[in-house]
Amino acid sequence: MKKLLITLLLSCFIWNPAALAGERPAVHIYLDADRSNAVESGESIERGIRVALAEEGNQLGGYPVELIIADHRGSTPRSLRNLKSYLADERALALFTGMHSPPLLANLAFINQQKILTLDPWAAAGPITRYPDGENWVFRLSVDDTKAGEVITQHAVDVEGFSKPYLLLEETGWGRSNERTMTAALRKRGIEAVGLEWFNWSLGENAAKSILRRARDSGADVIFMVANAPEGKTIARAMLSLDLNYRMPIRSHWGITGGDFALEIGPEQRQNLDLKFIQTRFSFLNSTQSSHAQSVLQRTKNMYEDVNSASDISAPAGFIHAYDMTRLLIQAVKDVGLSGNARADRAVVRNAMEVINTPVVGLIKRYEKPFAAFSAATPDAHEALGSEDMVMAVYGENNEILLVQE
Amino acid sequence: MSKPKIASGIARVTAFSIVLLGVLVTLLVSMRVSDAMQEAEQQRLETQTAIIVGEFRQYLQDRSLILQDHTRFAVMRQGVMQPLQMEGYVSDFMADLTVLGESYRETLVDLDGNTIYSTHSEPAADYRYQPWLIDFIDQNRSQLIRLSQYDERFFWQVVLPIRYLGSTEGALITEIPVQAINEQGKLSDSWQGISLVLRAGEQVVAEFGQVSAATRKLSLPWDDVGLVFEFSIDESELLKARRGLIYELVVLIALVSLVIVFIAFYWGKRSLVKPIQYLKQATEDMADGRSEQPLKEDLIWQETSLVAKGFNQMLQTIQQREQQLRNSNRELAQTNDELKHSQAQLVQSEKMAGLGTMAAGVAHEINNPVGFVKSNLSTMNDYTTAISQYLGEVNTVLQQDAIPDSIREQLKSQAETLDIDFLTADMEPLINESQEGVNRVADIVASLKSFARLDSAEMEMTDITDGIRETLKVVWNELKYHCTLHEEYATLPPIRCNLGQLNQVIMNLLLNAAQAIEDKGDIYLSTAVVADEIQIRVRDTGCGIPAEAVGRLFTPFYTTKPVGKGTGLGLSISHGIVEKHGGSINVESEPGKGACFIIRLPITGEHAGVKLDDADTEPTVMVR
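Nothing here was measured: the structure is a model prediction, and the numbers come from that model.

A few words now on the overall build of chain B. Helix and strand counts for chain B come out as 12 helices and 17 strands. Once local pairs closer than 6 in sequence are excluded, the contacts in chain B between residues at least 24 apart make up 64%. Summing over all exposed atoms, chain B offers an accessible surface of approximately 35,800 Å²; the carbon and sulfur share of this is 55%.

In C-alpha cells:
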C-alpha cells in the first residue's frame, strides 16, 4: 500500500514539471476512489480531474497540483484510512471521492468534523451532501438519489408505463437511501412496489436467480435495481440464465456503469436484456457537441493514448462529473486564491465553493452558482445538478453509453 | 592309522561352519534387528509424533476449513466493508455460528482490527492495530494460526481473511481452547506410551497424556505457531519386545543350524560318500575278479560320474590289454607247442630217417648174406639130398655081400658112432628150418624197409590194412609174450596217405597198449568204415588213463611213463600225423579198465562217398 502511494507520488512529481522545479510547494488533491473493484470509475474520475487541471497548466492558484491516488475498494474502513492520510498531509487541499456511497455515508461525520473538503463526482446517496449536524464539507456534482429515484420512476412509470416495480437494492446506506426515494416517487404516483429485496455485496448468481424468481412470481413488470457493477453483473447473468418468461426489464441506478459491466455483459447478451440506467445529461456521443466539449475530448485524446474516440471513454459519468467538478474547484480557488497553508485554504475554498458567482462552463451544463450554504431548508445546496440534469441511458453496441432521448 | 570318514568330515565342517555362521548371523541379526527396531521405533515415533502433530494441524485445519466457509458469507463480507450499517445483520448472523457443533469465540474485525462483532464478549479482546493482524491483512494472507493466552488459558487463534473481489477487507478471528482437542483424554489415550507437552518458549501451554517412565524425549517445532511439541516416550515395552525377539531369533537360528547339520551329514553321506563307497566297492570287486561289470556312470555328482567314467575307460583299456596279453600268450604257447611239435617231429623224423637209413642199411647188408645163405642153404639142401641119396646107395652097397663084413662092420660101427642115420635124417629138416629162418629174416628186412617206407615218403593211395599188417610184423615181438591180439579188419577203401607215418602211429598205439598191460591182457585192433571216414580202434585192457591226463595226452613231452621209458612225444607226433591227414585222434578211457584210441581218417579221392561193394562183407577176424 505504501509502495503504491510512493509510486503514485513519484509519478505525480514526474507528471508535474513545476513540482520538479521546486518553484512552489505543490498542492495535493486526493482521489479516494475504488481502483480495485470498479476500476473504470476510479480511472475515469482521475482522467476527468487531470484533463481539467491540464487546462490550467496543472496549477491551482499559482501552485502546482499533485493528484494523490488512494484506493478504498469500496470499504469503509479502508476509506477511513485514506481520509486519515489526507488529514495527515499538510498540503492536502481537497479530496475527490468516488464510486460507492457507503464509505462516504459511514465516514460522513468524520469528514465533516475533520473538515475534509470532499468533492463527490460519483456517489449518489442522498445523505452525503446533507449533513445536519454542523458544517457541511461535502459537495456533489453527480446523480443525487433524492432525484435519481424520481427520475428512474418517472421514466419507467410515466414514460414506459410500468406499474408494478420490484425493488432490488443492495444492503447498504446507498441502497436504503434509494429505497426511500424510489418508494416516495412511486407513492407520489399512487403505486406501491410489489416487492423489495435486499442483497449483500458478493451476491451469488444462484441467490440472484432466486431473487429474480420471487420478483417474477410477485407479479412485477419491472425491476428497479440499485447495485454496483459486480452485483449488477451477477444479477444480469442470473436474469439471462432464467427462462424467457422470467425475464423482466431492469431499470437501474447508475452503479453498474462504474465497472466492467458492459464488457462482461456484452452487446449480444444485452440484446436479451431490457436494461436502462440513469445518467447525467451529457454524452460525448450525442450528435451535437459544443465546441468546449469537442476541445475537452481532443485534449483527452491527446493525453491518453487509449482514447481515440468518444466511445473509448469508459465509465464516462466519472470523467464528466470529475471534469466539471474540477472546473468548479478551479473557479473557487481562482475566486479566493491560496495561502499555501492547506488547512486554512481548505476552509477558504469550501466557503468559496458555496459562492461561485462566475458562471463555469462544464460538460453537462453552464454552472450558475452551483452551490450555496447548506441548511435544513436548502437540502440541495451542495448539489450541483438537479433532476433536470438526469436522464435514462442504454449501452450501445460498442459498450458506449447512449442517452435515451425523450 | 584309521583316517576320518568323509560324511563325518562334512558333518564336522558343516557343523563348524554352521555354528560359526549361526553365531555370526545371530550377532549380526541381533545387531541389525536391534538397529532396525530402533530405527523402526525411531520411525514409528517420528511417524507417531508427526501424526500427533498432524492431528493438531488437522484439528485446526478442519475447523479452519469450516471457518473459511463462514468468511465467505456475503453478510460477513459486507460486514467488514460497511461495518456500521451491517452491525446488526452481522451480529444476528454470527450469533448462531458454530464449528462442528462447538461454539467458539469468533470475532469479525475490519482491516484495522476494530471489532465489528464477537460471538463471546468474554474474555475481552482487542485486536486493534495488532501488527500481526495488520500484516496479515496487508499481505493478503490466506490463513494464520497463532497461540494466544487469556486468563492463563491458551487458545489457538485461527485468523482468516474476509475478502471482497480478491482483496482482504477484514478478518475472522476464532479462538479455540488448546485443551479442547483432548476432550476427556480422547486424543492422548490413543498414543501408546507417549505423552506430550506443548511449549511456547519456557511456558507450558498444555499437557496431554502421562507416561510413568520416560526413556526418550523428542521435540518437534511448530514454527508457524511458534510452538514446540515435546514428546516423552516410554520405551520399556519396546525393549522387552526387542529382547524377546532376539531370544526367539537365537533359538530359531540354533534350531535351523542343527537341522542343517543333520541334513548336511545325511546329504554328505548319501550324495558324496555313497558314490565313493560304491566306487571303492566296485574297484575292489573288480580287483578281486568278483565282477568285471563296468561301474554305474549315472551318479549324482558330475565328479563321481567322471571318476566312474574314467574308471570304466581304464577298465576297458586294461581288459583290452589283458585280452591282447592273453592272445599273445596263447599265440606264444601255440608257437611254443608248434615249436615243440616241430622239434619232436624233427627228432622223430630224424630218428625215423636214421632208423630208415639204418634199417635200409641193415636190410641191405643183411639181404646179401641172407641171399647167399639162402642160396647156400638151397644148394646145401640139394647137397643134402644128394648126400642122403648117396648114403642110401652106400647102405645098399654095403648090404651087398661083396663088401667084407669087416668093412661092413667097421663102417657100420663108425656109422653108429657118428649117428649118421640121425644126421642124415635130421639134415633136411635142419636145412628146411634154416631156409625158413632165412626167409623170415628176409621177410623182416622187407617189412623193415616197408615200415620205414624208404621207398615212398610221399602220399599215395594205399589200403591201410596193409600198413597195419606190416606194422604188426615189426612190433609183434613186443606183444606176443603178454598180449592176446584180437584183430578185426573191415574191407577198407584205399585212401591218400603217407602209410609209413600212419604205420608209425599204429605202432605207437600198439606199443602204448602193450606197455599199459602190466601182466597179461588183450589188445583189440579193428578197422571200420563209418560214413565217410575210416575208423581205426586200438583198445587195451590195461591200467587206463587218469582223467586229468586225458586232456594233456597229446601235449608234447607229456608222459606218464617212468623216466627213460618214454619221450612223451609219441602221442603228440601221432596227433600231428593224423591231423595232417585231415583226421582226428581221440581217447576214451576208464582208469583200471583200459583205454581206447580211435583214429578217424576221411575217405578222400575217388572213393569218397562211394559205398564199397564189399563193405557189408564180413570182416577178417583173427586172434593171435
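This part is about the nonpolar core. Counting residues in hydrophobic clusters, the biggest one holds 97 residues, and the most contacted among them are I29, L60, F284, L329 and M353 of chain A. For this core, the leading source of residues is helix α14 (residues 316-336) of chain A, giving 11 residues. With residues near it in sequence (within four places) discarded, L329 of chain A still touches I29, L60, A94, F96, L119, V349 and M353 of chain A. Within the second largest apolar cluster, 48 residues are counted, among which are L60, V90, L160 and W191 of chain B.

Turning to its location among the elements, S574 of chain B is positioned in helix α12 (residues 570-580). Setting aside chain neighbours within four positions, we find S574 of chain B in contact with V505 and N508 of chain B.

The next point concerns the sheet that holds strand β8 (residues 216-222) of chain B. Residue and element names in this part refer to chain B. The four strands are arranged β7-β6-β9-β8 in an open sheet whose pairing can be described as antiparallel. Of all the strands in the sheet, just β7 (203-208) and β8 have a single pairing partner and so form its edges. Strand-to-strand twist of the sheet, defined as the mean angle between neighbouring strand axes without regard to direction, takes the value 20 degrees. Two elements, strand β6 (residues 194-200) and β7, share five bridges in a ladder whose sense is antiparallel. Among the inter-strand pairings, R199 is bridged to a residue of β7, identified as V204.

Okay, helix α9 (residues 205-217) of chain A next. Residues and elements named next belong to chain A. Between the first and last C-alpha of α9 there are 18 Å, a value that for 13 residues agrees with the 18 Å anticipated at 1.5 Å per step. Among the residues of α9, A208, K209, I211, L212 and A215 are the ones counted as buried. In a view along the axis of α9, the buried residues occupy a sector of 160 degrees, so they form one face of it. When the buried face of α9 is taken as reference, the exposed residues oriented beyond 90 degrees from it are N206 and D217. Against the buried residues of α9 lie β7 (165-170), β8 (195-199), β9 (222-226) and α10 (229-241). Of the residues flanking the end of α9, it is G219, one or two places downstream, whose phi is positive at about 90 degrees.

Before going further, it helps to spend a moment on the sheet that holds strand β2 (residues 115-118) of chain B. Residues and elements named next belong to chain B. The sheet built from five strands is open, its strands ordered β2-β1-β5-β4-β3 with antiparallel pairing. Strand pairing shows two members of the sheet lacking a second neighbour, β2 and β3 (144-150), which therefore form its edges. Between one strand axis and the next, the sheet turns through 25 degrees on average, direction left out of account. Two strands pair when backbone bridges link them, and strand β4 (residues 153-164) and strand β5 (residues 167-177) are joined in this way by 10 bridges, in the antiparallel orientation. Bridged to Y164 within β5 is S167. Sitting on the sheet, helix α4 (residues 131-138) touches β1 (105-110), β3, β4 and β5, and the angle it makes with β5 is about 135 degrees.

A few words now on unusual backbone geometry. Phi at H100 of chain A is positive, roughly 95 degrees, even though this residue is not glycine. We classify H100 of chain A as buried; its relative accessible area is 6%. With a phi angle near 55 degrees, A531 of chain B is a residue other than glycine that sits in the positive phi range. Relative to the assigned elements, A531 of chain B resides in the loop between β13 (521-530) and β14 (533-540).

Before going further, it helps to examine a negative patch on the surface. Taken together, the side chains of E409, E416, D419 and D421 of chain B present a region of like negative charge at the surface. With respect to the helices and strands, D419 of chain B occurs in the loop between α7 (405-418) and α8 (420-452).

Moving on to the packing of aromatic side chains. Under the definition given, this model contains 17 aromatic pairs over all chains. For the pair Y127 of chain B and W132 of chain B, a centre-to-centre distance of 6.1 Å together with 80 degrees between the ring planes defines the contact as edge-to-face. Aromatic ring contacts, followed pair by pair, group F56, W156, F208, W222, F229 and F231 of chain B into a single cluster. Of note, R24 of chain A hangs over the ring of Y63 of chain A, and the distance from its end group to the ring centre comes to 4.0 Å. Its end group placed over the ring of Y59 of chain B, R63 of chain B keeps NZ or CZ at 3.7 Å from the ring centre.

Residues and elements named next belong to chain A. Strand β5 (residues 118-122) sits mainly inside the fold: five of its five residues count as buried. Relative to β5, strand β4 (residues 92-98) runs parallel, the two being bridged by three bridges. The partner of G98 across the bridge, within β5, is W122. Pairing of β5 with strand β6 (residues 138-140), which is carried by three bridges, proceeds in the parallel orientation. Across the sheet, T118 pairs through a bridge with V138, a residue of β6.

Reading the values: the criteria
- Residues numbered from 1 in each chain as written.
- Chains lettered and ligands numbered in written order.
- Predicted model: local features only at pLDDT ≥ 70, side-chain atom pairs only at ≥ 80, totals over all residues.
- Heavy atoms only, no water.
- Helix = DSSP H or I, 4+ residues; strand = E, 2+ residues; numbered from the N terminus.
- Contact = heavy atoms within 4.5 Å.
- Areas by Shrake-Rupley, 256 points an atom, 1.4 Å probe, with all protein chains shown as cover.
- Core = buried A, V, L, I, M, F, W, Y, C linked by side-chain atoms within 4.5 Å.
- Buried < 20%, exposed > 50% of the residue type's maximum accessible area, 1.4 Å probe, protein only.
- Pairing = 2+ DSSP bridges.
- Axes fitted to C-alpha atoms, helices over the stretch in contact; angles between N-to-C directions.
- Expected span 1.5 Å × (residues − 1).
- Arc of directions from axis to C-beta.
- Patch = residues over 30% accessible without salt bridge, like charges linked within 9 Å, V, L, I, M, F, W, Y side chains within 5 Å.
- Salt bridge = Lys/Arg side-chain N within 4 Å of Asp/Glu carboxyl O.
- Lys, Arg positive; Asp, Glu negative; His and termini not counted.
- Charge placed at Lys NZ, Arg CZ, Asp CG, Glu CD.
- Phe/Tyr/Trp six-rings, centres within 6.5 Å; stacked < 30°, edge-to-face > 60°.
- Lys NZ or Arg CZ within 6 Å of the ring centre and 35° of its normal.

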